[in-house]
Amino acid sequence: MPADKEFIPLNIAILTVSDSRTLETDTSGQLLVDRLTDAGHKLADRALLPDDRAVLTEQFRKWIADDHIQVVISTGGTGLTGRDITPEVLTPLFDKEIPGFGELFRMVSFKFIGTSTLQSRALGGIANGTYLFALPGSTGACKDGWDNILNEQLDARHGPCNFVGIMGRLKEQ
């Protein structure tokens, strides 16, 4: 990390999408909370909600409208089953998609789980100047996504570029 750049703590919200977990059994969401706080970021909010389109849309919209929240990371609901609807909920909310996020996630994931990564529809985008990322629900996938992508891209010291460096320009017209 370049010595001339300072770390900028971000306000990050974590959403676990699950019909079966509770906050006590949510190892994926907890891993993300632990990783982001260990990195020096601030947990802005946390929720665990069922795979319900209206409920998820309402929560994402609430966080997108909150100028205090800069990043939202969800875990769960990115698979191929009928209940997996996180991408369908998020995509219409995006002002811009970050297609490389899902592609890079699957490339990283391939190293650990091989072709099974095809079943992940991880994705990223921006809405109202807020970064939104959807990771699969497994603890391993959240570890891979944070450790190999988000940790660097959410750190202003990472070069040659990072998501933090352009945050002030996301709402430009």
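Scoring rules and cut-offs
Residues numbered from 1 in each chain as written. Predicted model: local features only at pLDDT ≥ 70, side-chain atom pairs only at ≥ 80, totals over all residues. Heavy atoms only, no water. Helix = DSSP H or I, 4+ residues; strand = E, 2+ residues; numbered from the N terminus. Buried < 20%, exposed > 50% of the residue type's maximum accessible area, 1.4 Å probe, protein only. Contact = heavy atoms within 4.5 Å. Areas by Shrake-Rupley, 256 points an atom, 1.4 Å probe, with all protein chains shown as cover. Lys, Arg positive; Asp, Glu negative; His and termini not counted. Charge placed at Lys NZ, Arg CZ, Asp CG, Glu CD. Salt bridge = Lys/Arg side-chain N within 4 Å of Asp/Glu carboxyl O. 1 Å grid on protein atoms, 1.4 Å probe; cavity = no way out; pocket = protein on both sides within 12 Å on 5 of 7 lines; lining within 4 Å. Points joined across faces, edges and corners; volume = space filled by probe spheres on them. Nonpolar A, V, L, I, M, F, W, Y, C, P; charged D, E, K, R; others polar. Phe/Tyr/Trp six-rings, centres within 6.5 Å; stacked < 30°, edge-to-face > 60°. Polar contact = N/O pair within 3.5 Å; in protein donor to acceptor, adjacent residues only side chain to side chain.

Once that is clear, we can look at the overall build of the protein. Helix and strand content of the protein: five helices and six strands. Of the regular secondary structure in the protein, the N- to C-terminal order runs β-α-β-α-β-α-β-α-β-β-α. Looking at the protein as a whole, 48% of its 173 residues qualify as buried. Considering only contacts within the protein whose residues lie at least 6 apart along the sequence, 74% involve residues at least 24 apart. Taken as a whole, the protein presents about 8600 Å² of accessible surface, with 52% of it coming from carbon and sulfur. The distance from the centre of the 17 positive side-chain charges to the centre of the 23 negative ones in the protein is 2 Å.

For the coordinates displayed, the defined rule picks out nine salt bridges. The salt bridge involving aspartate 19 is made with arginine 83; its shortest N-O contact spans 2.9 Å. Taken together, the residues aspartate 19 in the loop between β1 (11–17) and α1 (27–38) and arginine 83 in the loop between β3 (71–75) and α3 (86–90) connect sequence positions 64 residues apart. A salt bridge links arginine 21 to aspartate 26; the shortest N-O distance between them is 3.7 Å. Here arginine 21 falls in the partly exposed class, since its relative accessible area comes to 26%. Of the residues examined, aspartate 26 reaches a relative accessible area of 2% and is grouped as buried. Each of Arg21, Asp26 and Arg46 takes part in a single network of salt bridges with overlapping partners.

In this structure, the largest pocket occupies an estimated 270 Å³ of space. Around the largest pocket, the lining comprises 13 residues; the ones closest to its centre are Lys96, Ile126, Arg169, Leu170 and Lys171. Grouping the amino acids of the lining of the largest pocket by side-chain chemistry returns six nonpolar, two polar and five charged. Of the voids in this model, the second largest pocket is the one considered here, and its volume is about 210 Å³. The wall of the second largest pocket is formed by 17 residues, among which Ile113, Ser120, Pro136, Ser138 and Ala141 lie closest to the centre. Looking at the lining of the second largest pocket, the elements that each hand over two or more residues are α4 (99–113) and α5 (139–153).

Per the counting criterion, the structure on display carries four aromatic pairs. Here the aromatic rings of tyrosine 131 and phenylalanine 163 are separated by 4.8 Å at their centres, their planes lie at 35 degrees, and the arrangement is tilted. With a gap of 32 residues between them, tyrosine 131 in strand β6 (residues 130–135) and phenylalanine 163 in the segment after α5 connect regions that are remote in the sequence. The class for phenylalanine 163 is buried, based on a relative accessible area of 13%.

Next up on the list: the side chain of threonine 57. Secondary-structure assignment places threonine 57 in helix α2 (residues 53–65). Polar side-chain contacts of threonine 57 include one of 2.8 Å to the backbone oxygen of arginine 53. Every residue in contact with threonine 57, bar those within four places of it in the chain, is listed here: Val89 and Leu93.

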